[in-house]
Amino acid sequence: FFICMLRWSMFMRIARPIYRFWKMFARSVRLFGYFCIVFVPVLLGVTFLANAIWQPYVYDFNSWPSAFVTASLLIEEPLQVDTLYERSPTWTLLFLLYYFFVVTAFFANSFLAITVHSYFEVSLIEGSDAADDTWDKDQWLDWMLWNRVYSYFTGNEPGSCLREGPESADEDEDEDDGDEEEDEPDK
């Protein structure tokens, strides 16, 4: 199922918004890799600090792997601070302040900032014309309704969602009429 969905989503890259999403995703993953060069050592330092302080006292920090998992999950899940505070009140306060300001407030939110930066970078580079990306009411109705229902309510032929829009069709007709008028005086 995963392979089929991956193949389908890669095929859908022919649609402009999905192509931009894939470009944003690719840029974000590349920048995440660079950012992890800084983030992982900080997280390992927090793991070392927590293991050094509470290894003999708290089960969550009794080994390196469990301390790393606990430090990683501390970003999203609350920790039982009472147990830590009972064993070492001064270090608990310092550790939690350091963890909050460095890891949670700065590093975790930097991943979001990288994603937002990649989105704006792709939208600027790949370009997006708002007039080309929006549909008028007639195109939305054609897309939502069955052909007969659409024809009954609007009186138009089905298929307007496949056209560029009624404004562009009117402009093309006006340009053709202008060319004919210019040719007539030359005769």
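Fair warning: this is a prediction, and the values are worked out from it, not measured in the lab.

Visitor: Explain the overall build of the chain here, please?
Guide: From N to C terminus, the chain includes nine helices and zero strands. Walking the chain from its N terminus toward its C terminus, one meets helices and strands in the order α-α-α-α-α-α-α-α-α. Burial analysis of the chain (187 residues in total) assigns 23% to the buried set. Long-range contacts, defined as pairs at least 24 residues apart, comprise 57% of the intrachain contacts of the chain with a sequence gap of at least 6. Accessible surface, the chain: about 14100 Å² in total, of which carbon and sulfur atoms supply 63%.

Visitor: When you look at the packing of helix 2 (residues 16-54) against helix 5 (residues 89-126) in this model, what are you seeing that I'm missing?
Guide: Helix 5 packs onto helix 2 with a crossing angle of 165° between their chain directions and a minimal axis gap of 8 Å. In terms of orientation, helix 2 and helix 5 fall into the roughly antiparallel class. At the point where helix 2 passes helix 5, the crossing takes the right-handed sense. Here the residues of the contact of helix 2 with helix 5 sort into 26 nonpolar, six polar and six charged.

Visitor: Any chance you could explain the nonpolar core here in plain terms?
Guide: Taken as a class, soluble globular proteins show a tendency for nonpolar side chains to be buried jointly. One finds Trp 54, Phe 61 and Phe 95 to be the most contacted residues of the largest nonpolar core, which totals 20 residues. Those elements giving two or more residues to this core turn out to be helix 2, helix 3 (64-73) and helix 5. If you tally residues by element for this core, the top one is helix 2, at eight residues.

Visitor: What is the right way to read helix 3 from this model?
Guide: Owing to its 3.6 residues per turn, the α-helix aligns residues three or four sequence positions apart on the same side. Of all the positions in helix 3, only Ala 67, Thr 70 and Ala 71 are classed as buried. Seen from one end, helix 3 has its buried residues packed into an arc of 100°, which puts them on one side. Contact partners of the buried residues in helix 3: helix 2 and helix 5.

Visitor: What is the right way to look at helix 7 (residues 137-144) in this model?
Guide: Among the residues of helix 7, Asp 138, Gln 139 and Asp 142 are the ones counted as buried. Each buried residue of helix 7 lies within a common arc of 100° when the element is viewed along its axis, so the set occupies one face. Opposite its buried face, helix 7 presents the exposed residues Lys 137, Trp 143 and Met 144, each directed more than 90 degrees away. Packed against the buried residues of helix 7 are helix 8 (147-154).

Visitor: Teacher, can you tell me more about the environment of Leu 49 here?
Guide: In this fold, Leu 49 is placed in helix 2. Sequence-wise, Leu 49 and Trp 91 are 42 residues apart; in three dimensions their C-alpha atoms are separated by 9.7 Å.

Visitor: Where do I start with the pattern of salt bridges in this structure?
Guide: Opposite charge on two side chains lets them pair, provided their charged atoms get close. Tallied over the full model, the rule gives one salt bridge. With its nearest N and O atoms 3.6 Å apart, the salt bridge here joins Glu 121 to Arg 27. Highlighted residues: Glu 121 in helix 5 and Arg 27 in helix 2, separated in sequence by 94 residues. Look at Glu 121 and you get partly exposed, because its relative accessible area is 23%.

Parameters and conventions
- Residues numbered from 1 in each chain as written.
- Predicted model: local features only at pLDDT ≥ 70, side-chain atom pairs only at ≥ 80, totals over all residues.
- Heavy atoms only, no water.
- Helix = DSSP H or I, 4+ residues; strand = E, 2+ residues; numbered from the N terminus.
- Buried < 20%, exposed > 50% of the residue type's maximum accessible area, 1.4 Å probe, protein only.
- Contact = heavy atoms within 4.5 Å.
- Areas by Shrake-Rupley, 256 points an atom, 1.4 Å probe, with all protein chains shown as cover.
- Axes fitted to C-alpha atoms, helices over the stretch in contact; angles between N-to-C directions.
- Parallel < 35°, antiparallel > 145°, perpendicular 65-115°, else oblique.
- Left-handed = near helix turned anticlockwise from the far one by under 90°.
- Nonpolar A, V, L, I, M, F, W, Y, C, P; charged D, E, K, R; others polar.
- Core = buried A, V, L, I, M, F, W, Y, C linked by side-chain atoms within 4.5 Å.
- Arc of directions from axis to C-beta.
- Salt bridge = Lys/Arg side-chain N within 4 Å of Asp/Glu carboxyl O.

Keep in mind that these numbers describe shape and distance, not what the molecule does.
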